[in-house]
Amino acid sequence: MPFNAAFAPIDPSCVREAAASAPETSPAPAKEAGGPLSVLGRDVRVPLVTGGEVTYAALDYAASAPALQRVWDDVAAYAPYYGSVHRGAGHLSQLSTELFEQSRRTVAEFLGCREGDQVVFTRATTDSLNLLSAALPQGTRVFVFETEHHAALLPWRTHDVTYLDAPRSPEAAVATLEAALHGAPAGPKLVCVTGASNVTGEVWPVRELARAAHRHGARLVLDAAQLAPHRPVSLAELEADWVALSGHKLYAPFGAGVLAGRADWLVRAEPYLAGGGASRRVARGADGGVEVEWHTTAARHEAGSPNVIGAYALAAACRALTEAGFDGLVAREEELLARLRAGLADVPEVRVLSLFGEGADQVGVVSFVVEGWNGSHFAAALSAEYGIGVRDGLFCAHPLLRTLLGREGDAPGECGAPEAAPGSPSPAGEAPALNAVRVSFGAGTPDEHVDRFVAAVRELVREGARWNYRTEEGRCVPEAPDPAAG
């Protein structure tokens, strides 16, 4: 084993070289200039209800991005050396501890953390924001736009929350926040805002919002779940106080997330979970109970055996994106986005949903509705007849979708209802189904997937579905073939 006793910072190539007994792995092949990064599942074939099969087009990155091949290889190389972290005397425990803490340093660098900031490993963005909510000082007032994903909208309900109406421009977002904070009483205040919408893909003015918050003595937490896979995110440059994100949207496998930022509120708060790892010292007290001294490091909120592989995978994704270079990734994504938007604009029945309007800065996330179609029906047909995976529904952002669609209610509509007939309006007196279709892509998306999607949308709208569908447990699914029809 080439690792020295000091356990200097370890990179994946060192693990790979050491892993002689592990399954053979190698660095992912370099991508062609301007081409997509190599991701798992890029060659998966799926059946079509109309017969045959096709290579799957994964266009649901906003929900979960496929893992980078590079990340998977790094994890596979480490797997034989897996061990419990912290306090273990054995070689593999020491190796795993160093990999775990090196992963923390890698993530801190990726997120532009400042001196004194902490990086706490969590399960996902939702877990990160709930952790921060639990750590808020008593009496904290929270300000959050109705446009947020439920992971950022709901954790604050035990506090005094001000919900802000959806702004129609970045400037309006700043003005709305300024007005709300101006009238707020003294005391601790927190603003929660997304970096990029999981519905419209529009990029929010995070730095300007952070400065507005700070002018009024408030702090800001950034939900970067959708922003970090597409753009560089730096706490220092954006002037945010905390950032939360998920590994499974950042090209790592499921199960790991991060809350990074200022340590003071985190250190003063009771541990998010009580247990081993969070405690520095536990002893019986004179009253017969137990006395606990908690850690003041990130370990304070990481009780229990941590998800070492998840943290390592997340860090590997951060390294891979940094080495690939965001300039090239952003330029290619903007080309694909322009191609997608032009293709949808060529179909008059398609209405793209937007808060900020034409010309807004946007990542590779687009939601739309199609005249005469139930969104669930449309998405089911894309999957069953074209092998294209998208998302339909309200995308865990119900208040925002109601605002964008201009109506109330929760009914998703029935697959095959009159409104689902291609090109036909909804029956008089019936509201259209409250759902939409979302297409999202990223660094691993081939050009062909976007082109195939645009062609499929055009064909479905003009010619209709080639198969019959029915509603089953709230989902639109293809009907089984009629045996009598052969």
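Residues numbered from 1 in each chain as written. Predicted model: local features only at pLDDT ≥ 70, side-chain atom pairs only at ≥ 80, totals over all residues. Heavy atoms only, no water.

Caption draft 1: Structural context of the sheet that holds strand β9 (residues 242-246). Ordered in space as β4-β10-β9-β8-β7-β5-β6, the seven strands form an open sheet in which the pairing is mixed. If you trace the sheet from one side to the other, it starts and ends with β4 (118-122) and β6 (160-164), each paired once. Within the sheet, the average angular offset between the axes of one strand and its neighbour, ignoring direction, is 20°. Relative to strand β10 (residues 257-261), β4 runs antiparallel, the two sharing five bridges. Looking at β10, one finds that valine 120 is bridged to leucine 259. Relative to the sheet, helix α4 (residues 125-135) contacts β4, β7 (189-194), β8 (219-223), β9 and β10, its axis offset from that of β9 by approximately 150°. (Pairing = 2+ DSSP bridges. Helix = DSSP H or I, 4+ residues; strand = E, 2+ residues; numbered from the N terminus. Axes fitted to C-alpha atoms, helices over the stretch in contact; angles between N-to-C directions. Contact = heavy atoms within 4.5 Å.)

Caption draft 2: Up close: the packing of helix α12 (residues 375-386) against helix α14 (residues 447-463). In contact at an axis separation of 11 Å, α12 and α14 are set at 115° when each is read in the N-to-C sense. With respect to the hand of their crossing, α12 and α14 are arranged in right-handed fashion. Touching Phe378, Ala381, Leu382, Glu385 and Tyr386 of α12 are Arg452, Phe453, Ala456, Val457, Glu459, Leu460 and Val461, all from α14. (Left-handed = near helix turned anticlockwise from the far one by under 90°.)

Caption draft 3: Focus on the nonpolar core. In terms of nonpolar packing, the biggest core is built from 87 residues, with Val107, Leu111, Leu177, Leu220, Leu222, Val233 and Val258 touching the most fellow members. For this core, the element with the most residues is helix α10 (residues 308-324), which contributes 11 residues. If near-sequence neighbours (up to four positions away) are discounted, leucine 222 is found in contact with Val193, Thr194, Gly195, Val206, Val233, Leu238, Ala240, Trp242, Val243 and Ala244. (Core = buried A, V, L, I, M, F, W, Y, C linked by side-chain atoms within 4.5 Å. Buried < 20%, exposed > 50% of the residue type's maximum accessible area, 1.4 Å probe, protein only.)

Caption draft 4: Here's a closer look at the packing of helix α6 (residues 170-182) against helix α7 (residues 206-215). Their axes nearest at 10 Å, the elements α6 and α7 cross at an angle of 15°. Judged on the interaxial angle alone, α7 and α6 are roughly parallel. Between α6 and α7 lies a crossing of right-handed hand. Counting all contacts with α6, which are made through Ala173, Val174, Leu177, Glu178 and Leu181, the residues of α7 involved are Glu208, Leu209, Ala212, Ala213 and Arg215. A breakdown of the residues in the contact of α6 with α7 according to their chemical character gives seven nonpolar, no polar and three charged. (Parallel < 35°, antiparallel > 145°, perpendicular 65-115°, else oblique. Nonpolar A, V, L, I, M, F, W, Y, C, P; charged D, E, K, R; others polar.)

Caption draft 5: Geometry of the packing of aromatic side chains. By the definition in use, this model includes 10 aromatic pairs. Ring centres of tryptophan 242 and tryptophan 265 lie 5.4 Å apart, and the angle between their planes is 35°; this geometry places the pair in the tilted category. Here tryptophan 242, found in strand β9, pairs with tryptophan 265, found in helix α9 (residues 264-268); they are 23 residues apart in sequence, far enough to count as distant. Per residue, the accessibility class of tryptophan 242 equals that of tryptophan 265, and both read buried. The rings of Phe368, Trp373, Phe378 and Phe453 are connected pair by pair, giving a single aromatic cluster. When the ring centre of tryptophan 265 is taken as reference, the NZ or CZ atom of arginine 219 above it lies at 4.1 Å. (Phe/Tyr/Trp six-rings, centres within 6.5 Å; stacked < 30°, edge-to-face > 60°. Lys NZ or Arg CZ within 6 Å of the ring centre and 35° of its normal.)

Caption draft 6: Broad picture of the environment of glycine 464. Along the chain, glycine 464 turns up in the loop between α14 and β18 (469-472). Residue class for glycine 464 comes out buried when judged on its relative accessible area of 8%. With 86 residues separating them along the chain, glycine 464 and phenylalanine 378 place their C-alpha atoms 9.6 Å apart.

Caption draft 7: Local environment of the sheet that holds strand β13 (residues 350-352). Strand order across the open sheet formed by four strands is β13-β14-β17-β16, with antiparallel pairing between neighbours. Across the chains shown, the open sheet's two edge strands, defined by having one partner strand only, are β13 and β16 (391-393). Neighbour-to-neighbour, the strand axes of this sheet turn through a mean angle of 30°, independent of strand direction. Here four bridges tie strand β14 (residues 365-370) to strand β17 (residues 436-440), and the two strands are oriented antiparallel to one another. Considered in β17, the bridge of valine 365 is made with serine 440. Together, β14, β16 and β17 form the strand contacts of α12, whose direction differs from that of β16 by roughly 165°.

Caption draft 8: Focus on the environment of glycine 201. With respect to the helices, strands and loops of the structure, glycine 201 is situated in the loop between β7 and α7. Residues glycine 201 and valine 366, 165 residues apart in the sequence, show an inter-C-alpha distance of 6.1 Å.

Caption draft 9: Expanded view of the confidence of the model for the chain. When the pLDDT values of the chain are averaged, the result is 89; 87% of them are 70 or greater. The model gives residues 16-30 a pLDDT under 50, and that stretch makes 23 contacts with residues more than four places away or in other chains. This stretch, residues 417-429, has a pLDDT under 50; its non-local contacts, to residues over four places away or in other chains, come to 24 contacts. (pLDDT = per-residue confidence, 0-100.)

Caption draft 10: Up close: the pattern of salt bridges. Scanning the entire structure with this criterion turns up 26 salt bridges. Among the salt bridges present, the one from aspartate 447 reaches arginine 332, with a minimum N-O distance of 2.7 Å. Taken as a pair, aspartate 447 in helix α14 and arginine 332 in helix α11 (residues 326-345) lie far apart in primary sequence, 115 residues in all. The exposure class assigned to arginine 332 is buried, which follows from its relative accessible area of 9%. Through salt bridges with shared partners, one network takes in Arg219, Asp241, Arg262 and Asp264. (Salt bridge = Lys/Arg side-chain N within 4 Å of Asp/Glu carboxyl O.)

Caption draft 11: Expanded view of the side chain of aspartate 223. Structurally, aspartate 223 can be placed in strand β8. Buried charge aspartate 223 goes without a salt bridge, the closest partner of opposite sign being lysine 249 at 8.3 Å. Within the structure, the side chain of aspartate 223 is placed 3.0 Å from the backbone nitrogen of alanine 225, a separation counted as a polar contact. Those residues within four positions of aspartate 223 in sequence are excluded, and the remaining contacts are Thr125, Glu148, His149, Ala152, Val193, Thr194, Gly195 and Ala244. (Lys, Arg positive; Asp, Glu negative; His and termini not counted. Polar contact = N/O pair within 3.5 Å; in protein donor to acceptor, adjacent residues only side chain to side chain.)

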